[in-house]
Amino acid sequence: MDFPILLNYLIVAVPIFFLYTELHFRFPFIYSRYYINEPEILADIPYRVNPNCNVPVMVLIKDADKFPIFVKNINIDIYQNSQIISTNLYIINKRIDDYWWYKTFQVNPKKNKGHTTFEVRITYEVNKKTKTIKNHNIKTLKPSPFNVFLSNFELPGSHLTQYGDIHYHSYLTDDMVEFGAPLRPTLEVCKVLGLDFICNTDHSYDLDDKHGSWTETDPELIKWKTSRKEINDLNNEFKYSPFMIPSEELSMHNASGKNIHALILNNSKFLPGQGDGAERPFDFSCDYNSNNLYSNLEKDAICIASHPFTPVPFVEKFFFKRGIWEEFDILKQNMIGLQILNGDLDESFYRGVKEWINFLLKGNKKFIYAGNDAHGNFNKFRQIRFPMISIKEADKQILGVCRTGVFPEKLNHIQSTIDAMRSGNCFITNGPFLKLSIQSNKIEFNMGSDVCVSKGVIKLSGISNHEFGKITSFRLIKGVIGEKKESLIKSSSVKDDSFIIEFDLDVKVEKKSYFRAEINSENYRGQCTAMSNPIWLNPEP
């Protein structure tokens, strides 16, 4: 094997991956403990389901064109309190020999509610043997059940906002170590999760690949063009409820020439970027950087910094020349904001909040957004712990857990949603609903507004429910441009059994200032937080 090709294998195995795991990759002449002479087989199920909905159970088989199998049947069992409450048997009796094969089974949960676990058993013939697996066929990973919450409630305030996950990877991310979920089952899961939209931000270095290759670039961009048509067709089929915003996660250079990622939403033209794609060993070059990107961005598109403050491990700095978004990059005018909430209320989130506040106090108008960076991962992700040796599971970076709540002028409409995000009329949450506005001179100004008035009435409303827990506290915060710290103008621990909070407050400013709000609750997954984008007030001359 040529040295550059071998080096590609070594480089691509360095990072830890959060996608469905490609089991057939292995180093030349090196044994892999999880390699199998059969296709990848896995099931996936949404972590929560809205009331009065069937539970979509996806079964995905990949690489059966190289390892054909005959699927006999699929059995889906539902448990509650360790007792089986439902069993569903599906007879398949089908030879599978496609590169991708998937089927979604709509399981009726009947009248069951609350915490349940699902187990999917797949019986198939391969290599003249009959086998039955549970949930997946990763031989080094013990199968664990899917935890699914069958809710009595829709997402809080879903009748007042449109919820979306702005950072998601689909099956268009597909190479020798990782792959995501197909687009159709993704939308089916979004519907029962309560998501109104999703952005398929697949990596730019995957979207221009030739079919069946992860190192060869296709000058005809067949994969890109086919995916845009599939997205449009699915949106029409689903009648934009939910809908998918065609997007990409662009690899580009920061001010120091290191690789960072940008979420490019609703750009009809493909923007190439391969600096950290390991397609050519130690070739970190990128077409775009924070100076030249925006002149190539269409007027109907937006750019958001992808998880800008997540620490970069040393091996990724060395093998991929990865860096973080620097102040010079963030302050570019057409970079509208920061995806600071990325799947969890973790250290990078709290650092992101701190950095965002610093930008605001210096007079910079930047907004915040939420997504999960899920690669498939409807219920849990499976992660390479040690290449060729072991894989583990974890309960984070799950589709739909962290959301951006948007207030578009027109519902279920791509451009209206983009325009609302561009203007900052949105909030981030992993639980409660939040809306902040200011009324002045009988006009109500939404989040993201920059208003030439010195006084007004702040209107704050928050909604939670039994699934996401009672509201435990709220904070209304003021920032004066040029000062070093924000100030609390109203905060409280909520002691009563309240799922709704509403109040009005008169405010007046003498210098240019902004107001923002936070609401907290707590549920079975831990702390839940909603955070608004600011509203700016400029004193009248």
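Shown above is the structure to which this text applies.
Conventions we followed
- Residues numbered from 1 in each chain as written.
- Predicted model: local features only at pLDDT ≥ 70, side-chain atom pairs only at ≥ 80, totals over all residues.
- Heavy atoms only, no water.
- Pairing = 2+ DSSP bridges.
- Helix = DSSP H or I, 4+ residues; strand = E, 2+ residues; numbered from the N terminus.
- Axes fitted to C-alpha atoms, helices over the stretch in contact; angles between N-to-C directions.
- Contact = heavy atoms within 4.5 Å.
- Expected span 1.5 Å × (residues − 1).
- Buried < 20%, exposed > 50% of the residue type's maximum accessible area, 1.4 Å probe, protein only.
- Arc of directions from axis to C-beta.
- Core = buried A, V, L, I, M, F, W, Y, C linked by side-chain atoms within 4.5 Å.
- Patch = residues over 30% accessible without salt bridge, like charges linked within 9 Å, V, L, I, M, F, W, Y side chains within 5 Å.
- Areas by Shrake-Rupley, 256 points an atom, 1.4 Å probe, with all protein chains shown as cover.
- Salt bridge = Lys/Arg side-chain N within 4 Å of Asp/Glu carboxyl O.
- Polar contact = N/O pair within 3.5 Å; in protein donor to acceptor, adjacent residues only side chain to side chain.

Draft legend 1. Broad picture of the sheet that holds strand β4 (residues 55–62). If you trace the three strands from one edge of the open sheet to the other, you get β2-β4-β7, paired in antiparallel fashion. Strands at the two margins of the open sheet, each flanked by one partner only, are β2 (40–44) and β7 (100–107). Neighbour to neighbour, the strand axes of the sheet diverge by 15 degrees on average, direction disregarded. Helix α2 (residues 183–193) rests against β4 and β7 of the sheet, and its axis sits at about 25 degrees to β7.

Draft legend 2. Examining the sheet that holds strand β30 (residues 500–508) more closely. Spatially, four strands are ordered β25-β24-β27-β30 in an open sheet, and the strand pairing comes out antiparallel. Bordering the open sheet on either side are β25 (443–446) and β30, each of which pairs with just one other strand. Each adjacent strand pair in this sheet contributes to an overall mean axis angle of 25 degrees, direction not counted.

Draft legend 3. Quick peek at helix α4 (residues 222–237). Relative to the 22 Å expected for 16 residues at 1.5 Å per residue, α4 spans 22 Å between its end C-alpha atoms, a close match to the ideal helical length. For α4, the set of buried residues is Trp 224, Ser 227, Arg 228, Ile 231, Leu 234 and Asn 235. Axial view of α4: buried residues confined to an arc of 130 degrees, hence all on one face. Away from the buried face of α4 by more than 90 degrees, exposed residues Ile 222, Lys 225 and Lys 229 are located. Lining the buried residues of α4 we find α2, β13 (197–200), α3 (204–207), β14 (243–253) and α8 (414–423). Note on α4: the residue one or two positions beyond its end, Lys 239, has a positive phi of about 55 degrees.

Draft legend 4. Fine view of the nonpolar core. Residues Ile 245, Leu 265, Leu 293, Trp 325, Leu 399, Met 421 and Leu 436 are the most contacted members of the largest nonpolar core, which totals 112 residues. Tallying contributions element by element places helix α7 (residues 347–361) first for this core, with seven residues. Ranked by size, the runner-up nonpolar core spans 29 residues in total, among them Ile 41, Ile 61, Ile 96 and Trp 101.

Draft legend 5. Representation of the environment of Asn 232. Among the structural elements, Asn 232 can be located in helix α4. The exposure class of Asn 232 is partly exposed, given its relative accessible area of 38%. Residues Asn 232 and Val 453, 221 residues apart in the sequence, show an inter-C-alpha distance of 43 Å.

Draft legend 6. View of unusual backbone geometry. Here the bond from Ser 241 into Pro 242 is cis, since omega is 0 degrees, no more than 30 degrees from zero. With respect to the helices and strands, the residue Pro 242 is situated in the loop between α4 and β14. The backbone phi angle of His 307 is positive, close to 25 degrees, even though this residue is not glycine. Residue placement: His 307 occurs in the loop between β16 (302–305) and α5 (314–320).

Draft legend 7. Inspection of a nonpolar patch on the surface at higher detail. Together, Phe 314, Val 315 and Phe 318 give the surface a local cluster of nonpolar side chains, amounting to about 330 Å² of exposed area. Here Phe 318 lies in helix α5.

Draft legend 8. The pattern of salt bridges, seen in detail. For the structure on display, the rule yields 23 salt bridges. The shortest N-O distance in the salt bridge between Glu 38 and Lys 131 comes to 2.9 Å. On the criterion of sequence distance, the pair formed by Glu 38 in the loop between β1 (20–21) and β2 and Lys 131 in strand β9 (residues 129–134) is long-range, its members being 93 residues apart. On the basis of relative accessibility, which here comes to 33%, the residue Lys 131 falls in the partly exposed class.

Draft legend 9. Local environment of the environment of Asn 137. Inspection of the secondary structure puts Asn 137 in the loop between β9 and β10 (146–150). By relative accessible area, Asn 137 is classed as buried at 7%. Considering only alpha carbons, one finds Asn 137 and Ile 91, 46 residues apart in sequence, at a separation of 19 Å. Of the polar contacts made by the side chain of Asn 137, one reaches the side chain of Glu 38; its length is 3.1 Å.

Draft legend 10. Broad picture of the pairing of strand β29 (residues 487–493). Where strand β28 (residues 471–480) lies against β29, six bridges are found, and the strand directions are antiparallel. Each bridged residue has a counterpart across the sheet, and for Lys 478 the counterpart in β29 is Ser 487. Where β28 folds back onto β29 in an antiparallel hairpin, the turn is made up of six residues, including Gly 482, whose phi is positive at roughly 100 degrees.

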